[in-house]
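Structure at a glance
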Amino acid sequence: MKRTVYFHEDDYCQIEILPLTAKKFCLKQIGEIDEFADKHSEEFGFSDMYVRDESPYSIKEVEISQEKIAEVLDFLPEFDEVDSEYIRWIEDSEPVFSRGIDNNTAVFWEKDEKGIISAMWLGMYIIPENRDIWYKILTALGSIAPLLLVDWCGGMCVDLTDTKEIENYIV
């Protein structure tokens, strides 16, 4: 049976994996986002939208190959198909790859023409039943290279080489 996973366009890189060197930049951005949100908060939402600055850092810096991802995440099945939802229709997202359990427990990535990961993000919804698998996924990613999980919506940075930070994040 064909396994398909999807991500909504709004979720693209919202829980992003970057090199650990991006931490200072990301924390500064999170601070600016929080400050902007405070200034534009209204009773039922916000009066304006903040657009993050383009990161000067990329996961490409650590040169992780698609084969390496497959090796360290071999405990997760590969999805046969990755779709992206846009308004009411689904479009095929061939350049995006994924391994995982379902839409809420998935690692997504794009690769360049040399097979080097150029973007990575998570389809993550943590519940008590999947905390163990998320711990395993995040520590596996942290074993590849010095990586940082940036939860832009939650306003958090997690050093994936530090198991205590991972534990605190998934609780």
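Calculation notes
- Residues numbered from 1 in each chain as written.
- Predicted model: local features only at pLDDT ≥ 70, side-chain atom pairs only at ≥ 80, totals over all residues.
- Heavy atoms only, no water.
- Pairing = 2+ DSSP bridges.
- Helix = DSSP H or I, 4+ residues; strand = E, 2+ residues; numbered from the N terminus.
- Expected span 1.5 Å × (residues − 1).
- Buried < 20%, exposed > 50% of the residue type's maximum accessible area, 1.4 Å probe, protein only.
- Arc of directions from axis to C-beta.
- Contact = heavy atoms within 4.5 Å.
- Salt bridge = Lys/Arg side-chain N within 4 Å of Asp/Glu carboxyl O.
- Polar contact = N/O pair within 3.5 Å; in protein donor to acceptor, adjacent residues only side chain to side chain.
- Phe/Tyr/Trp six-rings, centres within 6.5 Å; stacked < 30°, edge-to-face > 60°.

Relative to strand 11 (residues 156–159), strand 10 (residues 147–151) runs antiparallel, the two sharing 4 bridges. The residue of strand 11 that forms the bridge with D151 is M156. The hairpin formed by strand 10 and strand 11 contains 4 residues between the paired strands, and G155 there has a positive phi angle of roughly 65°.

Across its 18 residues, helix 1 (residues 23–40) extends 26 Å between first and last C-alpha, which sits within 8% of the 26 Å expected from 1.5 Å per residue. By the burial criterion, the buried members of helix 1 are F25, C26, Q29, I30, I33, F36 and H40. All buried residues of helix 1 project into a common sector of 135° when viewed along the axis, lining one side. Projecting away from the buried face of helix 1 at angles above 90 degrees are the exposed residues K24, K28, D38 and K39. The secondary structure elements touched by the buried residues of helix 1 are strand 2 (15–19), strand 3 (41–42), strand 4 (45–46), strand 10 and strand 11.

Scanning the entire structure with this criterion turns up 8 salt bridges. Across the pair K28 and E32 runs a salt bridge whose closest N-O atoms are separated by 2.9 Å. Of this pair, K28 and E32 both sit in helix 1, 4 residues apart, roughly one helical turn. Residue K28 is classed as exposed on the basis of its relative accessible area, which comes to 54%. Take E32: its relative accessible area is 26%, and that puts it in the partly exposed class. In this structure, E78 engages R99 in a salt bridge whose closest nitrogen and oxygen atoms are separated by 3.9 Å. Here the residue E78 occupies a position in the loop between helix 2 (66–72) and strand 5 (81–86), and R99 occupies one in strand 7 (residues 96–102), the gap between them amounting to 21 residues.

Now for the environment of S98. The topology assignment puts S98 in strand 7. On a C-alpha basis, the gap between S98 and E78 in space is 6.1 Å, while along the polypeptide they are 20 residues apart. Within the local environment of S98, its side chain forms a polar contact with the backbone oxygen of V107, the two atoms lying 2.9 Å apart.

This next bit is on the packing of aromatic side chains. Inspection of the entire model under this criterion finds 7 aromatic pairs. Their ring planes at 65° and their centres at 5.3 Å tell us that F7 and F108 sit as a pair that is edge-to-face. Separated by 101 residues along the polypeptide, F7 in strand 1 (residues 4–8) and F108 in strand 8 (residues 105–111) bring together distant segments of the chain. Of the two residues, F7 and F108, both sit in the buried class. Ring geometry for F7 versus W121: centroids 5.2 Å apart, planes at 75°, classification edge-to-face. Taken together, the residues F7 in strand 1 and W121 in strand 9 (residues 117–124) connect sequence positions 114 residues apart. The exposure class of F7 is buried, given its relative accessible area of 7%.

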